[in-house]
Each structure stands twice: as C-alpha cells, then as structure tokens.
Amino acid sequence: MPFKDKLYRLAKRLLVSTEEAEDATQEILMKLWSKNDNIGKYNNVEAFAMTMTKNFCLDRLKSKQAGNLKLVHSNYGDDNSSLQKQVEANDSISWVQKIMEELPEQQKMVLQLRDVEEYDFDEIGELLDMKPTAIRVTLSRARKTVRERLMQKHSYGIG
Amino acid sequence: MELDRIEKLLEKYLNASTSITEEKELRTYFSQESIPTHLEQYAPMFQYFSMAKEERFTKQVPIPITVRTRRVYFKWVSVAAVAVLMFGIYFGKEYQKQKEIDYAYSETKKALSLLADNFSRGTEKVAYLNEFENTKQKIYNSN
C-alpha cells in the first residue's frame, strides 16, 4: 500500500505513541483489505483511507479518555527508529514535535496534512470535512502557535 | 532579493496563504546550512516537517488472506448445516412415523395373539363339553 506511511504518520500525530499508531495503522490496513472487493468503487482510496485513519484515531482517543486510560506522552522516546536518532541530534527539532503534541487535534491534523504530507486545501477539506477558509484559519493559528512556542523556548535559552 | 522574498514568504506562510510550491521553497531554504540569525528560529520547524515526512511504517502487517475465504466458507457451512437440519427433521419425522406404525402393528399383533390364546383356551373347554355330550349320548344309547 503506497500510502501506508502517510496513514501511520497521521495516526502517530494523533495518538503520539508509536505502538498505538502502529496498531491503528494495522487495523486500518486490515479493514481496507477486507473491503478489497469494492475498493475500486471509491474514487480516491488514499483520501478514504486517511479519513478512516482520522476517525479511527479520534475514536481511540475518545475511548481512551472515557476509559481513564490516557495515553502516556512520555513513552515515545524509547524506540530507536532512525527518526528518533536524528531528532536527538538536534534538540530544537524535537521541540517542534513536542509543541505539535500540545496542539488541539484539529490543528494537529491540519498542520500534519499540510506541512508534512503537502496536501492541498481541497483535499484537506474533504478529509476533515472543513471549509477552506476554516482550514486557513486553523492552519495559520497552528503555525503561529508553533512559532511562538519555539521562540519562547529559544529565548529561555534552554537549547 | 532572496532574503526579502523569504521573509515575505514567511509572513504569507504564517497567514496560511502560501501555495504548496512556495512552502516547498521555504523548506528547501531552511534545510541549508547558512541561515541568517534572525530567521534561524524558523529552521527547526521546517526541518522537523521534512524529517517527519521520512518516518516510515515498519511494522509488518500479517496479510489476512484467510479472512475472505474463511468468511465465504462459513457462509456455506451455515447453508449446509441448515440443509442437514432440514433433512434431519424430515427423515426424523419419517422414521418416527415408521416406528409408530411398527409399534402399533406389534401391539395389535400382541392383542390379537392374546385374543387367539384365550379363544383357543375357550374352545378347549368347549371340547370338554363335547366330551360330556358324547358320554351322555353313549349312556343314552346303552340304555
């Protein structure tokens, strides 16, 4: 599946934990597989899969919160994927990740889809069921928040 | 010039009005080494985005080939089970009927044989009576 990495990255953006994201991606891929027969009917399988992932992750988060099983935000550092190593090489880059974790879900998703996956506004609108103007506002807000927090960190001189 | 343009792009970027190509330009610009100090703070942001795109889904997904076939299989199994059940009920009924008939037959036979027994016993007794009659006749004849 050519876009499974995209699904995974979106899942990880929302769920934070690597394991959770992997499970979610696997779940989505299985669901897609079981729909194998009529998958041709969807005109855009990737968008469909992304929407599935989004809904699945939001459901997961909701059930987590309801079940008092909040995700542990500190458990993502212990894997040693190449990304993690790269991130450790540059501390301020890992801040961006942490800052993004603190954003509201909507902003997280918009920022992920736009700045990481480079989707255009129409696609994002289709995925998140939002109007282009709303996306622009959300995106602008998210970018400004990230920049501001990053500047705060810089001015504290931690890095 | 270049720097001027980048600053303008950044402004547009923060207002979310840049196009995808312009954002790509920003990303490539901030991926280089020498960035003016007043813009340095933006670098981690763009570097992170390019890096986050590199993340790969490495977990091996077990391909559920069996899922589809098994489901079809289960469907047919249920059909077969229903068919077997129907046949079972039908033949079971038939068998029960047959058994009832057999039972009735054997009961009737028993009853008839009982009757026949008693009847023959009755005739035996009647045979004694005949003997009595014969003797009486003999006596009458001799007198």
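Everything discussed here concerns the structure shown above.
Residues numbered from 1 in each chain as written. Chains lettered and ligands numbered in written order. Predicted model: local features only at pLDDT ≥ 70, side-chain atom pairs only at ≥ 80, totals over all residues. Heavy atoms only, no water.

All names here are of chain A. Here helix α1 (residues 4-15) crosses helix α2 (residues 18-34) at 135°, and the two axes come no closer than 8 Å. Between α1 and α2, the interaxial angle falls into the category oblique. In the crossing of α1 with α2, the sense of the turn from one axis to the other is right-handed. Mapping the contact onto sequence places K4, L7, Y8, A11, K12 and L15 in α1 and T18, E20, A21, E22, A24, T25, I28 and L29 in α2. Looking at side-chain class alone, the contact of α1 with α2 contains eight nonpolar, two polar and four charged residues. (Axes fitted to C-alpha atoms, helices over the stretch in contact; angles between N-to-C directions. Helix = DSSP H or I, 4+ residues; strand = E, 2+ residues; numbered from the N terminus. Parallel < 35°, antiparallel > 145°, perpendicular 65-115°, else oblique. Left-handed = near helix turned anticlockwise from the far one by under 90°. Contact = heavy atoms within 4.5 Å. Nonpolar A, V, L, I, M, F, W, Y, C, P; charged D, E, K, R; others polar.)

Following the criterion strictly, the structure yields 17 salt bridges over all chains and no others. Between K24 of chain B and E118 of chain A there is a salt bridge; the shortest N-O distance is 3.4 Å. One end of the pair, K24 of chain B, is in helix α2 (residues 20-31); the other, E118 of chain A, is in the loop between α6 (105-116) and α7 (121-128), on a second chain. A salt bridge links K12 of chain B to E22 of chain B, with the shortest nitrogen-to-oxygen separation between them at 3.0 Å. Of this pair, K12 of chain B sits in helix α1 (residues 2-14) while E22 of chain B sits in helix α2, placing them 10 residues apart in sequence. A single salt-bridge network, built from bridges that share partners, covers R114, D115 and R143 of chain A together with E23 of chain B. (Salt bridge = Lys/Arg side-chain N within 4 Å of Asp/Glu carboxyl O.)

This part takes up the packing of aromatic side chains. Residues and elements named next belong to chain B. Per the counting criterion, the structure on display carries nine aromatic pairs over all chains. Each ring, one from Y13 and one from F46, has its centre 5.0 Å from the other, and the planes form 50°; the classification is tilted. Taken as a pair, Y13 in helix α1 and F46 in helix α3 (residues 43-52) lie far apart in primary sequence, 33 residues in all. With a relative accessible area of 0%, Y13 lands in the buried category. A residue is classified by how much of its surface remains accessible, and F46, at 2% relative accessible area, is buried. On the numbers, 6.3 Å between centres and 45° between planes, the contact of F30 with Y42 is tilted. Note that F30 is positioned in helix α2 and Y42 in the loop between α2 and α3, a separation of 12 residues in sequence. This pair shows no difference in class: F30 is buried, exactly as Y42 is. (Phe/Tyr/Trp six-rings, centres within 6.5 Å; stacked < 30°, edge-to-face > 60°. Buried < 20%, exposed > 50% of the residue type's maximum accessible area, 1.4 Å probe, protein only.)

Our focus in this paragraph is α1 of chain B. All names here are of chain B. The end-to-end C-alpha distance of α1 is 18 Å, a good match for the 18 Å that 13 residues give at a rise of 1.5 Å each. When we look at burial in α1, the residues that qualify are I6, L9, L10, Y13 and L14. Taken around the axis of α1, the buried residues stretch over an arc of 130°, which confines them to a single face. Once α1 ends, the next one or two residues include A16, with phi positive near 60°. (Expected span 1.5 Å × (residues − 1). Arc of directions from axis to C-beta.)

A word on the interface of chain A and chain B. Facing the 43 residues of chain A at the interface are 33 residues of chain B. Taking both sides of the interface into account, the surface hidden between chain A and chain B amounts to around 3,700 Å²; carbon and sulfur atoms contribute 61%. Per-residue buried area on chain A facing chain B is highest for I93, E118 and R143 of chain A; these three make up 16% of the total on that side. Put simply, chain A and chain B have seven salt bridges between them. (Buried area = accessible area lost by both parts, 1.4 Å probe.)

Residues and elements named next belong to chain A. Even without being a glycine, V16 presents a positive backbone phi close to 70°. In this fold, V16 is placed in the loop between α1 and α2. Phi angles above zero are rare outside glycine, and E118 is one such case at about 60°.

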